[in-house]
Amino acid sequence: VQLQASGGGLVQAGGSLRLTCATSGLTFSSYVMGWFRQAPGKEREFVAGISWTGGSTNYADSVKGRFTISRDNAKNTVYLQMNSLKPEDTAVYSCAADRRSFVTTRAYEYHYWGQGTQVTVSS
C-alpha cells in the first residue's frame with residue numbers, strides 16, 4: 001500500500017494550495033481518507049476526513065469554511081483544497097487511510113499513512 005501526498009509549497013497568507021494524495025495497493029473506495037498536519041514542536045492534528053463515497057466529511061474547527069476535502073474513487077486519489085491560508089496553517093500535511101465506515105479524527109485509528117508534504121504560509 002502506498003499513499004503519496006504532493007502539492008505543498010510556499011504561499012503568502014490569503015493564498016491557496018491544493019494537496020493531492022495518490023494511492024495504490026488498496027481498495028480505495030472502501031477506505032475513509034483523512035488529512036492530518038503536524039507543525040514543528042506540536043502534536044499531529046486532524047484536518048479533514050471523507051467517507052467512502054464522499055457523501056460525508058468532517059473538518060477541524062480551525063479549517064472549516066477554508067478547506068475542502070474531496071475524492072475521486074476512479075483515480076484512487078483524495079484532495080485537500082486549502083483557501084485563505086494563514087501562517088498558522090504552516091505544517092507538514094499527510095494523508096491517511098482507514099478501513100472503518102465512518103470518519104474518525106483519531107490518528108491512531110488510521111491504518112495506512114503517506115509521507116507528508118510541507119506547506120508554508122508566510123505573513
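Cut-offs applied
- Residues numbered from 1 in each chain as written.
- Predicted model: local features only at pLDDT ≥ 70, side-chain atom pairs only at ≥ 80, totals over all residues.
- Heavy atoms only, no water.
- Helix = DSSP H or I, 4+ residues; strand = E, 2+ residues; numbered from the N terminus.
- Contact = heavy atoms within 4.5 Å.
- Disulfide = S-S within 2.5 Å.
- Buried < 20%, exposed > 50% of the residue type's maximum accessible area, 1.4 Å probe, protein only.
- Salt bridge = Lys/Arg side-chain N within 4 Å of Asp/Glu carboxyl O.
- Polar contact = N/O pair within 3.5 Å; in protein donor to acceptor, adjacent residues only side chain to side chain.
- Pairing = 2+ DSSP bridges.
- Axes fitted to C-alpha atoms, helices over the stretch in contact; angles between N-to-C directions.
- Phe/Tyr/Trp six-rings, centres within 6.5 Å; stacked < 30°, edge-to-face > 60°.

Student: Would you mind going over the side chain of Ser 94 with me for this structure?
Tutor: Along the chain, the position of Ser 94 falls in strand β9 (residues 91-98). Not counting the four nearest positions on each side in its chain, Ser 94 is found in contact with Gly 34, Trp 35, Phe 36, Trp 113, Gly 114, Gln 115 and Gly 116.

Student: Please clarify how the state of the cysteines should be interpreted in this entry.
Tutor: Working definition of a disulfide: a covalent bond connecting the sulfur atoms of two cysteines. Following the criterion strictly, the structure yields one disulfide and no others. The disulfide partner of Cys 21 is Cys 95, and the S-S distance across this bridge is 2.1 Å. Taking the torsion about the sulfur-sulfur bond, which here is approximately 65°, the covalent link between Cys 21 and Cys 95 counts as right-handed. Linking Cys 21 in strand β3 (residues 17-24) with Cys 95 in strand β9, this pair joins segments that are 74 residues apart in sequence. What makes Cys 21 buried here is its relative accessible area of 0%.

Student: Hey, could you run me through the pattern of salt bridges in this one?
Tutor: Where charged atoms from two side chains of opposite charge approach closely, those side chains can pair. Within this structure, the stated rule accounts for six salt bridges. Glu 45 serves as the salt-bridge partner of Arg 37, at 2.5 Å between the closest nitrogen and oxygen. For Arg 37, a relative accessible area of 6% puts it in the buried group. One salt bridge in this structure joins Glu 109 and Arg 106, with 3.8 Å as the shortest N-O distance. Judged by its relative accessible area of 44%, Arg 106 is partly exposed. Within this structure, Arg 37, Glu 45, Arg 66 and Asp 89 form a network of salt bridges that share partners.

Student: Explain the side chain of Thr 117 here, please?
Tutor: Counting through the fold element by element, Thr 117 comes out in strand β11 (residues 117-122). In terms of polar contacts, Thr 117 uses its side chain to reach the backbone amide nitrogen of Gly 8, at 3.1 Å. Setting aside anything within four residues of it in sequence, one finds Thr 117 in contact with Ala 5, Ser 6, Gly 7, Gly 8, Leu 19, Ala 91, Val 92 and Tyr 93.

Student: Teacher, can you tell me more about the environment of Glu 109 here?
Tutor: Following the sequence through the fold, Glu 109 ends up in the loop between β9 and β10 (112-113). Exposure remark for Glu 109: the relative accessible area of 14% places this residue in the buried category. For the pair Glu 109 and Ala 97, spaced 12 residues apart in sequence, the C-alpha separation works out to 9.1 Å. Non-local contacts of Glu 109, meaning those with residues more than four positions away in its chain, are made with Asp 98, Arg 100 and Thr 104.

Student: What should I look at first to understand the sheet that holds strand β8 (residues 77-82) in this one?
Tutor: Within the open sheet, the four strands sit side by side as β1-β3-β8-β7. Their pairing is antiparallel. Single-partner strands in this sheet number two, and they are β1 (2-6) and β7 (67-72). Sheet twist, expressed as the average angle between the axes of neighbouring strands with direction ignored, equals 15°. When β1 meets β3, the two strands line up antiparallel, connected through five bridges. Bridging across to β3, Gln 4 finds its partner in Ala 22.

Student: Just to check I follow, could you spell out the packing of aromatic side chains for this structure?
Tutor: The description of an aromatic ring pair rests on the distance of the ring centres and on the angle between the ring planes. The final tally for this structure, using the stated rule, is five aromatic pairs. Relative to Phe 46, the ring of Phe 36 lies with its centre 5.6 Å away and its plane at 75°, an arrangement referred to as edge-to-face. Of the two residues, Phe 36 sits in strand β4 (residues 32-38) while Phe 46 sits in strand β5 (residues 45-50), which places them 10 residues apart along the sequence. Considered together, Phe 36 and Phe 46 belong to a single accessibility category, that of buried residues. With centroids separated by 5.1 Å and ring planes inclined at 80°, the aromatic side chains of Phe 36 and Tyr 110 adopt a geometry described as edge-to-face.

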